[in-house]
Amino acid sequence: MNENSVGEARDAAVGAAMNDIQQIETEQGVTRESVDAIRQRLLKLANQRDLFPLDDFPAPGADAEQSNVMYRLAQGAQDRFALYAQSGRGTVETPPHNHTTWAVIVGFHGQELNKFYQRTADGGVEQTGQFIVEAGSGVAMLAEDLHSIHIEGSGLNFHCYGLALERLDQRQYYSESSGEWKIFSAVGEIREARTNLQSC
Ligand SMILES: [Fe+2]
């Protein structure tokens, strides 16, 4: 496939996956079972490896302020059903946070350690488990589930949310240094990666 046909085939495959995901949510609502079905559908998309050449999703340069960038692959009506490819290099870490919408991560290249938490009676967090997201695996979370992300080295993973990142302005994260919950408003850089748009 040449470069254009890869982009077109990718858009078509992403569109088909997002249609299925929307249908899963419409038919099943938002439950542990339905977000797991969404995870399984995204794993099928990520398994179409020829559609996602790493060269199409470069990580930020070594001198860039941020070590990761989000490539927007899909965003539906009213900014629902958003899909991104997160490309990073070096160390990428987040504090424990919720999403205020369902969230699914599936792996493609590299390893993304996810740690899961629950809130404690004194207002903090305690870890409840962890899972390494890599090619062929993924995690699914409901709106109030808490996780943190830890990546070392280059990585490309798919992040899918019930609502686009720029609309998630009430996410909370736990600041270990201050022992407080704060608003996680930083979205970071989002690059347009849909080829079927005239402009972004
Ligand atoms: Fe997250």
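Residues numbered from 1 in each chain as written. Predicted model: local features only at pLDDT ≥ 70, side-chain atom pairs only at ≥ 80, totals over all residues. Heavy atoms only, no water.

(A) Highlighting helix α1 (residues 3–28). Across its 26 residues, α1 extends 37 Å between first and last C-alpha, which sits within 8% of the 38 Å expected from 1.5 Å per residue. Taken together, the buried positions of α1 are Val6, Gly7, Arg10, Asp11, Ala13, Val14, Ala17, Met18, Ile21, Ile24 and Glu25. Where α1 ends, the next residue or the one after it, Gly29, has phi of about 75°, a positive value. (Helix = DSSP H or I, 4+ residues; strand = E, 2+ residues; numbered from the N terminus. Expected span 1.5 Å × (residues − 1). Buried < 20%, exposed > 50% of the residue type's maximum accessible area, 1.4 Å probe, protein only.)

(B) Representation of the layout of surface pockets. Each pocket or cavity is described by its volume, and for the largest pocket that value is around 400 Å³. Considering the residues around the largest pocket, the lining is formed by 23 residues, among which Asn68, Gln86, Thr94, Phe184 and Val187 are closest to the centre. Elements represented by at least two residues in the lining of the largest pocket include exactly β1 (68–74), β3 (91–93), β8 (146–152) and β9 (155–163). Counted by class, the lining of the largest pocket contains 10 nonpolar, 10 polar and 3 charged residues. Its volume calculated, the second largest pocket comes out at about 220 Å³. Taken together, 16 residues make up the lining of the second largest pocket; nearest its centre are Gly15, Met18, Ala74, Gln75 and Gly76. Elements with a contribution of two residues or more to the lining of the second largest pocket: α1, β1 and β2 (80–88). (1 Å grid on protein atoms, 1.4 Å probe; cavity = no way out; pocket = protein on both sides within 12 Å on 5 of 7 lines; lining within 4 Å. Points joined across faces, edges and corners; volume = space filled by probe spheres on them. Nonpolar A, V, L, I, M, F, W, Y, C, P; charged D, E, K, R; others polar.)

(C) Focus on the nonpolar core. Counting residues in each nonpolar core, the largest one holds 31 residues, and the members touching the most others are Leu42, Phe52, Leu73, Leu83 and Phe158. Looking at this core, the elements that each hand over two or more residues are α1, α2 (32–46), β1, β2, β4 (103–109) and β9. Residues within four places of Leu42 in sequence aside, it is in contact with Ile21, Leu83, Val104, Val106 and Cys160. (Core = buried A, V, L, I, M, F, W, Y, C linked by side-chain atoms within 4.5 Å. Contact = heavy atoms within 4.5 Å.)

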